[in-house]
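If you want the building blocks of each chain, they are given just below.
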Amino acid sequence: MSTTEHSEYIDSDTGKMGMWLFLFTELFLFGGLFIVYAVMRSKYSEDFHQAALELNAFIGATNTVVLLVSSMTVAMSLTAIQKNRPNIAIGLIFITLILAGVFMMNKYFEWGHKFSLHLYPGSDVMKSLPHGEIMFFGLYYMMTGLHAIHVIIGGVLLTIVMVRLKTGKINQQHYLLQENGALYWHLVDLIWIFLFPLLYLIT
Amino acid sequence: MKNHEDHITSYSQNLTVLLALLILTTTSVLAVKFHFGAFTVAIALIIASIKAGIVLTYFMHLKFENLLLRLMVGGVFLLFTIVVVITFIDYYFR
């Protein structure tokens, strides 16, 4: 076996397993916050009810649909490269990135509206609220903020995937990076699937 | 060089999965509007768990992965459930 052949060997099973191990740590990162939410909700159920009414369920639902569609487009991009259609794969990832942008825009307007009402951690309005409502908004900013950071990281990752598809570094034979990028993007979607009902839907 | 051929999910299968997820999202929005009281949280969480299961199985291709990886993912979710249960036992009985 020549050395070049050796260096080109990619074990996609192990590579994917490594990605999953990382995703497990992400699960517990958010899982910890979900547990805090659950305990605080049972402790201050009336305050949580009041505070949740402040959130715009329509924006939450819109962003849910946006993320679900983007999850499908990124899954389809994998189908495209497996069928040796790099241009379709690039197009589908581009659509995913646009949808990520739409998600962040909605988030910007949503947070902007809260800020204009002086509902942000440390503001005088916030400090005057009952303890449970402060907890709710604290968790709201922490969880959606951490999630938004993941959306940005996922966007950067998918941009790299898109560039490598263009240069042919990712192709029908080697698409592990695209697979792992897609897995990360699905995780972002997965977390939002739980954030949406817990923060926006249940009052 | 690849060890084996990966399963290819067709475009239409992906679209079907999306439609299922959108129907479940609509269901949970409507279900919460009906105010089932204490059950509202449970209903919303059950629907979210079904959606998560669909994303894991089809979008994240767990259905077509090897048994070891599937067991690992199952184990992690089991571990998380145990952590939640233990937290609540501690919280309610201290």
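Reading the values: the criteria
Residues numbered from 1 in each chain as written. Chains lettered and ligands numbered in written order. Predicted model: local features only at pLDDT ≥ 70, side-chain atom pairs only at ≥ 80, totals over all residues. Domains from an automatic or database assignment. Contact = placed C-beta atoms within 7 Å. Helix = DSSP H or I, 4+ residues; strand = E, 2+ residues; numbered from the N terminus. Nonpolar A, V, L, I, M, F, W, Y, C, P; charged D, E, K, R; others polar. Buried ≥ 20, exposed ≤ 12 C-beta atoms within 10 Å, placed from the backbone.

### Notes on the domain arrangement of chain B
- You can read the domains of chain B as domain 1 (1-60) and domain 2 (65-94).
- A C-alpha centroid distance of 20 Å is found between domain 1 of chain B and domain 2 of chain B.

### Here's the deal with the interface of chain B and chain A
- With 37 residues of chain B at the contact, the number on the chain A side is 34 residues.
- Broken down by secondary-structure element, the contributors of at least two residues to the side of chain B that touches chain A are helix H1 (11-33), helix H2 (39-59) and helix H3 (67-93) of chain B.
- Considering each element in turn, the side of chain B that touches chain A owes the most residues, 11 residues, to H1(B).
- For the side of chain B that touches chain A, a count of residues per class yields 25 nonpolar, 9 polar and 3 charged.

### Examining the environment of Thr144(A)
All names here are of chain A.
- Residue placement: Thr-144 occurs in helix H7 (residues 131-167).
- Judged by C-beta crowding, with 21 C-beta atoms within 10 Å, Thr-144 ranks as buried.
- Spatially, the C-alpha atom of Thr-144 lies 18 Å from that of Val-156, the residues being 12 residues apart in sequence.
- If sequence neighbours within four positions are ignored, Thr-144 has contacts with Lys-107 and Leu-195.

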